[in-house]
Number of protein chains: 2
Amino acid sequence: MAPPGLEVAPSSPEIQKITPLDAAAAVVEDDATSASSESIATAARDRVAVIGSGNWGSVAAKLIASNTCCSDLFDDEVRMWVYEETLPSGEKLSQVINREKENVKYLPGVKLGSNVVAVPDLLNAVADATMLVFVTPHQFIEGICNRLKGNIRQNAIAISLIKGMEVKKDGPCMISNLITELLGIDCAVLMGANIANEVAVEKFSEATVGFRHDKRAADKWVRIFRRPYFLVTPVQDVEGVELCGTLKNVVAVAAGLVDGLDMGNNTKAAIMRIGLKEMRFFSKLLFPSVRDTTFFESCGVADLITTCLGGRNRRVADAFARNKGKRSFDDLETELLQGQKLQGVSTAREVYEVLRARKWEESFPLFSTVHLIATGALAPSAILEYSEHTPRQITSSQIQYSSL
Amino acid sequence: MAPPGLEVAPSSPEIQKITPLDAAAAVVEDDATSASSESIATAARDRVAVIGSGNWGSVAAKLIASNTCCSDLFDDEVRMWVYEETLPSGEKLSQVINREKENVKYLPGVKLGSNVVAVPDLLNAVADATMLVFVTPHQFIEGICNRLKGNIRQNAIAISLIKGMEVKKDGPCMISNLITELLGIDCAVLMGANIANEVAVEKFSEATVGFRHDKRAADKWVRIFRRPYFLVTPVQDVEGVELCGTLKNVVAVAAGLVDGLDMGNNTKAAIMRIGLKEMRFFSKLLFPSVRDTTFFESCGVADLITTCLGGRNRRVADAFARNKGKRSFDDLETELLQGQKLQGVSTAREVYEVLRARKWEESFPLFSTVHLIATGALAPSAILEYSEHTPRQITSSQIQYSSL
């Protein structure tokens, strides 16, 4: 998507302050891309491996494969690690994917590209790969990284499409940090307003690449993912982008509850706004470097909107409220998602652990209430009882940045 | 709505920078309210007049009447100026409203309160009023103010619920400025995520009061509008709040076009995000004092969401796209809105006049495209052709702040 393009010469301070960070980034990105094309072309071709083959992983493989095919920058073949399953037909999932070029279980009806190869052995999948795309359920990531340790190229770069956090005793750990710590390689993130099934059928949408320092790597990730119907913007705020992708699922559960209570658009918009506000404050408390403008990117407000309009978290929470909380989220997930996993409820639990450890529960009424509703401690209608809350103020003494 | 409540002692700079402006404002507002209650009570009772009796005007009268009744701060009676019409039954609209306590034409089925009095004579309606609520179609406001000139209390305060701008030769003029200029009184604005018909049936929602300097007046407006189901937050950014309420209708037209093209949630979320981005940049170009945080308030992201999910602009634009632009907006408006007016299309024209006068059209592809689609110069599907745009950069020399 073309940015409004209000960026101006740095020599113009009064205008400079209204320069859109994102537009500026996009322009720099484009310049950098064309400028660096030659030098990249002369280097060895990059080889991409996709670690994960669920709904979003399969769409990621399709996006990447359509960019690597016939490119002089990338190896044509895209290996996709498949957690092997036996289908009702008795065949192995990886064999069917390689024969049909289609993930018949998690993305039926969509061809992934002739250059996508499903590989059930993890180390075989990443052999010689210089670009690693992590897109597994987040609870598996630590085990996968431990198996990869010492078995990947040391010049490899990584990107995480995974929503969620690992909550450790000494605080939360973002997936991108976990990958960097365990494998010793740079890890960016890609998040955004992209319901997998809509991107799969090439409906126009956007995404945000969050990076820490390595702009050159960010440019590579933009090039490997973007399509005419899938616009990707890089932002130097990896924690902000990753937390947007993680926390929005908690807000989507709240939005689904509002839908299930038949409360209408005003109420849903109010709950989404309150959720976005808690996302911003939670992120900035954990990482003071997080930028407000990141929440205006696709990973922020747009992802929140699309996830609260469609998406599995909204859908299951809607059913949960219509069943007045009598059927558990696990139960409804099994019935409604055909093996896909619900992220909002587990993220709400992880967020709640962080809030409780820091005594911040009352300062985040929406996040706390979603968790307490999911565990059955509160009725679904409690999502609407904000006007009765009087959040406790956090004083500086209660916030230990050192522990974050 | 309870703010996340992260506001902290000013003595804590590193935390201070993450203090939510809005939460801080809300807290100050509450303190100020309780602190000033006594002094207000000892003063003469305020008398409220609602100038306008359409769909939103009728809901405003209901909200206000439920706060003035049995209050020792306000006169019980709320006069509502009605632009007199003869109903099919042959009766006058004002007479039916006063008999039924219901606006049978613009808000059927909702009781306004026994203390609401419909008055067809404008000067009679505002007689002795100290608080003037303007909620008419914006094209009538200048004429109304000219008739009021010299016929209102000089200590009166005003608030505008009107979406839209007056575009003059020397630039755009906000309605609140127009009222202040013509009547010489302070004018705040109230905007937010509130589809009139949902507020009318008391579904939970929020609003934002934008004020310039007069915090005491802002507190009065908050008190006169807020209900347990209608939460109001004051923000010191009158232009930002007013422009949100005005510009979001243009984005809602774009969102309706996307719906009419059956493009799905990703695309709609992307268009809404791009629209919010153009709203921010347009507002900050016109008024450098506008704050980014205002767009996180109910008047910003929440109003955008609710207006793009429901609302008349979205609805008519959806029909326009489904008719492939063969039926005009005027035509569809007459058929679908039973006399209510569509604001997005006229605002898009006014915005386009500002863009053209400053040669900014190419820097605001969404705003420009909406206008060109509405006039038939482009097909409805053009709303999706952003990736082909390369916005021209605005250089400082092209922006004459002096003329704004």
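Residues numbered from 1 in each chain as written. Chains lettered and ligands numbered in written order. Predicted model: local features only at pLDDT ≥ 70, side-chain atom pairs only at ≥ 80, totals over all residues. Heavy atoms only, no water.

As recorded in an unreviewed UniProt entry, chain A goes by Glycerol-3-phosphate dehydrogenase [NAD(+)] and comes from Selaginella moellendorffii. UniProt annotates chain A under Sequence similarities (unreviewed entry) with the comment "Belongs to the NAD-dependent glycerol-3-phosphate dehydrogenase family." The annotation that UniProt attaches to chain A under Catalytic activity (unreviewed entry) is "sn-glycerol 3-phosphate + NAD(+) = dihydroxyacetone phosphate + NADH + H(+)". (UniProt positions renumbered as here; feature names shortened; annotations may be inferred.)

On a plain count of helices and strands, chain A comes out with 16 helices and 10 strands. Out of the 404 residues belonging to chain A, those deemed buried represent 63%. Looking at chain A alone, contacts between residues at least 24 apart form 71% of all its contacts between residues at least 6 apart. Of the roughly 14300 Å² of accessible surface on chain A, 51% is carried by carbon and sulfur atoms. (Helix = DSSP H or I, 4+ residues; strand = E, 2+ residues; numbered from the N terminus. Buried < 20%, exposed > 50% of the residue type's maximum accessible area, 1.4 Å probe, protein only. Contact = heavy atoms within 4.5 Å. Areas by Shrake-Rupley, 256 points an atom, 1.4 Å probe, with all protein chains shown as cover.)

We now examine the sheet that holds strand β5 (residues 157-160) of chain A. Residues and elements named next belong to chain A. Across the sheet, which stays open at both edges, the 8 strands sit in the order β3-β2-β1-β4-β5-β8-β9-β10 with mixed pairing between neighbours. The strands lining the two open edges of the sheet, one partner per strand, are β3 (116-119) and β10 (230-235). Across this sheet, the average inter-strand angle for adjacent strands is 25°, counted without regard to direction. Bridge count for strand β2 (residues 78-81) against β3 is 4 bridges, and the pairing is parallel. Bridging across to β3, Met 80 finds its partner in Ala 118. Against the sheet, helix α3 (residues 55-68) contacts β1 (48-51), β2, β3, β4 (131-134), β8 (187-191) and β10, and its axis sits at roughly 170° relative to β2. (Pairing = 2+ DSSP bridges. Axes fitted to C-alpha atoms, helices over the stretch in contact; angles between N-to-C directions.)

Residues and elements named next belong to chain A. Parsing chain A into structural domains produces domain 1 (43-236) and domain 2 (241-398). Counting from both sides, the interface comprises 25 residues of domain 1 and, opposite them, 30 residues of domain 2. Carbon and sulfur atoms supply 63% of the area that domain 1 and domain 2 bury against each other, a total of about 2300 Å² over both sides. The largest share of the area that domain 1 buries against domain 2 comes from Lys 163, Met 165 and Met 174, three residues that together contribute 24% of it. At the surface where domain 1 touches domain 2, the tally comes to 0 salt bridges. The tally of links from domain 1 across to domain 2 stands at 7 residue pairs in polar contact (both at pLDDT 80 or more). Elements supplying a minimum of two residues to the side of domain 1 that touches domain 2: β6 (165-168), β7 (171-174), α7 (175-183), β8, β9 (205-210) and β10. Examining the composition of the side of domain 1 that touches domain 2, we find that 4 residues originate from one element, β9, more than from any other. Split by residue class, the side of domain 1 that touches domain 2 holds 12 nonpolar, 11 polar and 2 charged. (Domains from an automatic or database assignment. Buried area = accessible area lost by both parts, 1.4 Å probe. Salt bridge = Lys/Arg side-chain N within 4 Å of Asp/Glu carboxyl O. Polar contact = N/O pair within 3.5 Å; in protein donor to acceptor, adjacent residues only side chain to side chain. Nonpolar A, V, L, I, M, F, W, Y, C, P; charged D, E, K, R; others polar.)

Turning next to unusual backbone geometry. Located in the positive-phi region is A:Glu202, a residue other than glycine, with phi close to 65°. Mapped onto the elements, A:Glu202 comes out in the loop between α8 (196-200) and β9. Accessibility expressed as a relative area gives 43% for A:Glu202, which makes it partly exposed. Look at B:Asp128: it is not a glycine, yet its phi comes out positive at around 65°.

With that out of the way, let us pick up the sheet that holds strand β8 (residues 187-191) of chain B. All names here are of chain B. Pairing is mixed across the open sheet formed by 8 strands, whose spatial order is β3-β2-β1-β4-β5-β8-β9-β10. Here the strands that pair on one side only, and so sit at the sheet edges, are β3 (116-119) and β10 (230-235). Adjacent strand axes in the sheet meet at a mean angle of 25°, parallel and antiparallel pairs treated alike. In this structure, strand β9 (residues 205-210) lies alongside β10, joined through 6 bridges in parallel fashion.

This part is about the UniProt feature "binding site: NAD(+)" (unreviewed entry) in chain A. Residues and elements named next belong to chain A. The sites that carry the UniProt feature "binding site: NAD(+)" (unreviewed entry) are, in the present numbering, Gly 52, Ser 53, Gly 54, Asn 55, Trp 56, Gly 57, Phe 140, Ala 196, Arg 312, Lys 341 and Gln 343. Note on placement: Gly 52 falls in the loop between β1 and α3. Excluding residues that lie within four positions of it along the chain, Gly 52 makes contacts with Gly 57, Met 80, Trp 81, Val 135 and Thr 136. Given a relative accessible area of 1%, Gly 57 falls into the buried group. Once residues lying within four places of it in the same chain are set aside, the contact partners of Gly 57 are Val 50, Gly 52, Met 80 and Val 135.

Residue and element names in this part refer to chain B. Where burial is concerned, the two faces of strand β1 (residues 48-51) agree: the one with Val 48 and Val 50 and the one with Ala 49 and Ile 51 are both buried. Where β1 meets strand β4 (residues 131-134), 4 bridges bridge the pair, whose relative direction is parallel. Counted as the bridge partner of Ile 51 is Phe 134 from β4. Looking at chain direction, β1 and strand β2 (residues 78-81) are connected through 3 bridges and run parallel. Directly across from Val 50, in β2, lies its bridge partner Met 80.

This brings us to helix α9 (residues 215-225) of chain A. Residues and elements named next belong to chain A. Burial analysis of α9 places 9 of its 11 residues in the buried class, the great majority of the element. Considered for burial, the residues of α9 that qualify are Ala 217, Ala 218, Asp 219, Lys 220, Trp 221, Val 222, Arg 223, Ile 224 and Phe 225. By the N-cap criterion, in which a side-chain oxygen at the helix start approaches the backbone nitrogen of a residue two or three places on, α9 is capped by Asp 214, the distance to Arg 216 being 3.2 Å.

Another aspect to go through is the pattern of salt bridges. Evaluation of the coordinates by the stated rule reveals 48 salt bridges over all chains. Across the pair A:Arg273 and B:Glu206 runs a salt bridge, and its minimum N-O distance is 2.8 Å. Here B:Glu206 lies in strand β9 and A:Arg273 lies in helix α11 (residues 265-286), a pairing that spans two chains. B:Lys215 is the partner of B:Asp219 in a salt bridge, and the nearest nitrogen-oxygen pair spans 2.6 Å. Pair noted here: B:Asp219 and B:Lys215 are both in helix α9 (residues 215-225), with a separation of 4 residues, about one helical turn. Overall, the relative accessible area of 22% leaves B:Lys215 in the partly exposed class.

With that settled, consider the nonpolar core. Counting 136 residues, the largest nonpolar core has A:Met279, A:Phe282, A:Phe367, B:Met279, B:Phe282 and B:Phe367 as its most contacted members. Residues contacting A:Phe282, with those up to four places away along its chain left out, are A:Met165, A:Leu247, A:Val351, A:Val354, A:Leu355, A:Phe364 and A:Phe367. (Core = buried A, V, L, I, M, F, W, Y, C linked by side-chain atoms within 4.5 Å.)

Looking now at the packing of aromatic side chains. According to the stated counting rule, one finds 15 aromatic pairs over all chains in the structure shown. Between the aromatic rings of A:Phe296 and B:Phe296, the centroid separation amounts to 4.5 Å while the plane-to-plane angle is 10°, which identifies the pairing as stacked. Residue A:Phe296 is located in the loop between α11 and α12 (298-309), and its partner B:Phe296 is located in the loop between α11 (265-286) and α12 (298-309); the two belong to separate chains. The pair formed by A:Phe296 and B:Phe296 is uniform in burial state, with each residue classed as buried. Between A:Phe320 and A:Phe329, the ring centres sit 4.2 Å apart and the planes meet at 15°, which makes this aromatic pair stacked. (Phe/Tyr/Trp six-rings, centres within 6.5 Å; stacked < 30°, edge-to-face > 60°.)

Mapped onto the fold, A:Gln95 is located in helix α4 (residues 93-100). The spatial distance from the C-alpha of A:Gln95 to the C-alpha of A:Ala118 is 7.6 Å, given a sequence separation of 23 residues.

Here we come to the confidence of the model for chain A. All names here are of chain A. Mean pLDDT over chain A works out to 84, with 83% of the residues at or above the 70 mark. Considering only residues more than four positions removed or in separate chains, one finds that residues 1-42, a stretch of pLDDT under 50, has 84 contacts. In the model output, the complex is listed with pTM 0.80 alongside ipTM 0.80. (pLDDT = per-residue confidence, 0-100.)

On to the pairing of β9(A). All names here are of chain A. Within β9, 6 of the 6 residues are buried, leaving the element largely enclosed by the surrounding structure. Residues of β9 alternate between two faces, with Ser 205, Ala 207 and Val 209 on one and Glu 206, Thr 208 and Gly 210 on the opposite face, all of them buried. Examined bridge by bridge, β8 and β9 share 3 bridges and lie antiparallel to one another. Residue Leu 190 lies in a different strand from β9, and its bridge partner there is Val 209. Handedness of the crossover joining β9 and β10 through α9: right-handed. (Right-handed = clockwise from strand over helix to strand, strands pointing away.)

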